[in-house]
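Listed here are the chains, written in short residue letters.
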Amino acid sequence: MSARASIVPVFVPHWGCPHSCVFCDQRQITGEREPATAHTVEHAIQQAAALPRGAKRQLAFYGGSFTAIPVQRQEELLTAAQPYRRSGEIDSIRLSTRPDAIDAAVLARLRRYGVETIELGAQSMDDRVLALAGRGHTASAVEHAARLVKESGFELVLQMMTGLPGSTDESDIETARRLIALRPDGVRIYPTVIVADTALCELWRAGRYREHTVEDAVRVCARILPLFEEAGIPVIRLGLNPTDELSGGAVVGGAYHPALGELVRSRIFRSRAEALLADAEPGSRVILGVNARELSQMIGQNRGNLDWLRERFSLASLSVRPADVKSGEIRRIFLEK
Ligand code: SF4
């Protein structure tokens, strides 16, 4: 997929979305409050044109549910991009939308305007979780839309969330498995964040929703990420992009961390090392070898992985060195008592 394209983002906030997902305040999540117009599109492309030209440029409509906004508005935004497509200033267009806002006529329109990539917010493949989240669609709607998108020749990206009301680690992992079965070209994983003034925030304050903490997200995502990677499906984002508005107080709880992906990758290393050290006797001195590029992931933030493993196995010492191993692999170089 064109994951290496540089993105020219245009946010289409909540605008036109007839739903009220419990976690959503799109205006805050995207850091935007005004509806996007043709001018927004032109301005975003012109600003990007001033930057050095490297990879291909992709205009991306993010935020709300693009194909659920009035057709006239969709066409206004897509039409504004056409002169730049013709001149080669942008190479392609992507957008995100809801599974139940996709049908053959919608896809034909997007094709006419040169859209190449469609992101569907699946969020969960558990109908009970979808209902509790107020999504207003079922898992079978996700499957139907995903197939239509792929059969029509678009690139398909699926988005899922962890830690929604009513979900468990197991149901989130099952969601990942069902998304893998749809063979998307990429996925985004968004652990649930509690944003102020949302229905989820009220549920949480009323004690009717247990917060999905950063630790909860790291634990479950460290099981989910390898499933996608083993299936050859790129995870193009893990965790919300930090915005000034989110960092400035809009987030009141949940799994919000600016380096969530790093924490998850580091936890995967910790789990693999834990399995590798299963037979280490208390008092052992251990050296682990990892690919040089992954030293910091093995060590963990503030040496957290090493401290945790040393304590877990009562080791006398534990250190890490660069080794000639493949990405993701760990070699036990030395183990003695
Ligand atoms: S469908 Fe998307 S934009 Fe609409 S309420 Fe849900 S998350 Fe927000």
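Structure: see above.
Note that the structure is predicted; figures quoted are calculated from it, not measured.

**Q** Just to check I follow, could you spell out the side chain of Gln58 for this structure?
**A** For Gln58, the location among the structural elements is in strand E2 (residues 57–63). Given a relative accessible area of 0%, Gln58 falls into the buried group. Within polar-contact distance, the side chain of Gln58 engages the side chain of Arg94 at 2.8 Å.

**Q** Even after reading the chapter, I still don't get the sheet that holds E2, so can you show me in this structure?
**A** The pairing of strands in a sheet happens through backbone hydrogen bonds and is either parallel or antiparallel. In spatial order, the strands read E1-E2-E3-E4-E5-E6-E8; together these 7 strands make up an open sheet with parallel pairing. Of all the strands in the sheet, just strand E1 (6–12) and strand E8 (235–238) have a single pairing partner and so form its edges. Sheet twist, expressed as the average angle between the axes of neighbouring strands with direction ignored, equals 20°. In the sheet, strand E5 (residues 155–162) pairs with strand E6 (residues 186–191) via 6 bridges, with the strands oriented parallel. By the bridge assignment, Gln159 is partnered in E6 with Arg188. Most of the contacts of helix H2 (residues 38–49) go to E1, to which it runs at about 155°, and overall it touches E1 and E2. Of the strands in this sheet, E5, E6 and E8 are in contact with helix H9 (residues 214–230), which crosses E6 at around 175°.

**Q** Can you walk me through unusual backbone geometry in this structure?
**A** Peptide bonds are, in most cases, trans, and in most cases residues other than glycine have a negative phi. The backbone of Gln123 shows a phi angle near 70°, a positive value even though the residue is not glycine. Residue placement: Gln123 occurs in strand E4 (residues 115–123). According to the relative accessible area criterion, Gln123 is buried, its value standing at 6%. For Ser314, which is not glycine, the phi dihedral falls at a positive 50°. As for its placement among the helices and strands, Ser314 is situated in the loop between helix H13 (304–312) and strand E11 (317–322).

**Q** Just checking my understanding: could you explain the packing of helix H3 (residues 71–87) against helix H4 (residues 104–112) for this structure?
**A** Taken N-terminus to C-terminus, the directions of H3 and H4 make an angle of 25°; their axes are 10 Å apart at the nearest point. One finds that H3 runs roughly parallel with respect to H4. Between H3 and H4, the contacting residues are Val71, Gln74, Glu75, Leu78 and Arg85 on the first element and Arg109, Leu110 and Arg112 on the second. Per-class residue counts for the contact of H3 with H4 are 3 nonpolar, 1 polar and 4 charged.

**Q** How do you make sense of H4 when you look at a structure like this?
**A** Owing to its 3.6 residues per turn, the α-helix aligns residues three or four sequence positions apart on the same side. Three or more residues of H4 are buried, namely Val106, Leu107, Arg109 and Leu110. Down the axis of H4, the buried side of the element spans an arc of 160°, and every buried residue falls inside it. Those residues of H4 that are exposed and angled more than 90 degrees off the buried face are Ala104, Ala105 and Arg112. Taken together, the buried residues of H4 touch H3, strand E3 (92–97), E4 and helix H6 (139–151). The N-cap residue of H4 is Asp103: its side-chain oxygen and the backbone nitrogen of Ala105 are 3.1 Å apart.

Procedures and definitions
Residues numbered from 1 in each chain as written. Predicted model: local features only at pLDDT ≥ 70, side-chain atom pairs only at ≥ 80, totals over all residues. Heavy atoms only, no water. Helix = DSSP H or I, 4+ residues; strand = E, 2+ residues; numbered from the N terminus. Buried < 20%, exposed > 50% of the residue type's maximum accessible area, 1.4 Å probe, protein only. Polar contact = N/O pair within 3.5 Å; in protein donor to acceptor, adjacent residues only side chain to side chain. Pairing = 2+ DSSP bridges. Axes fitted to C-alpha atoms, helices over the stretch in contact; angles between N-to-C directions. Contact = heavy atoms within 4.5 Å. Parallel < 35°, antiparallel > 145°, perpendicular 65-115°, else oblique. Nonpolar A, V, L, I, M, F, W, Y, C, P; charged D, E, K, R; others polar. Arc of directions from axis to C-beta.

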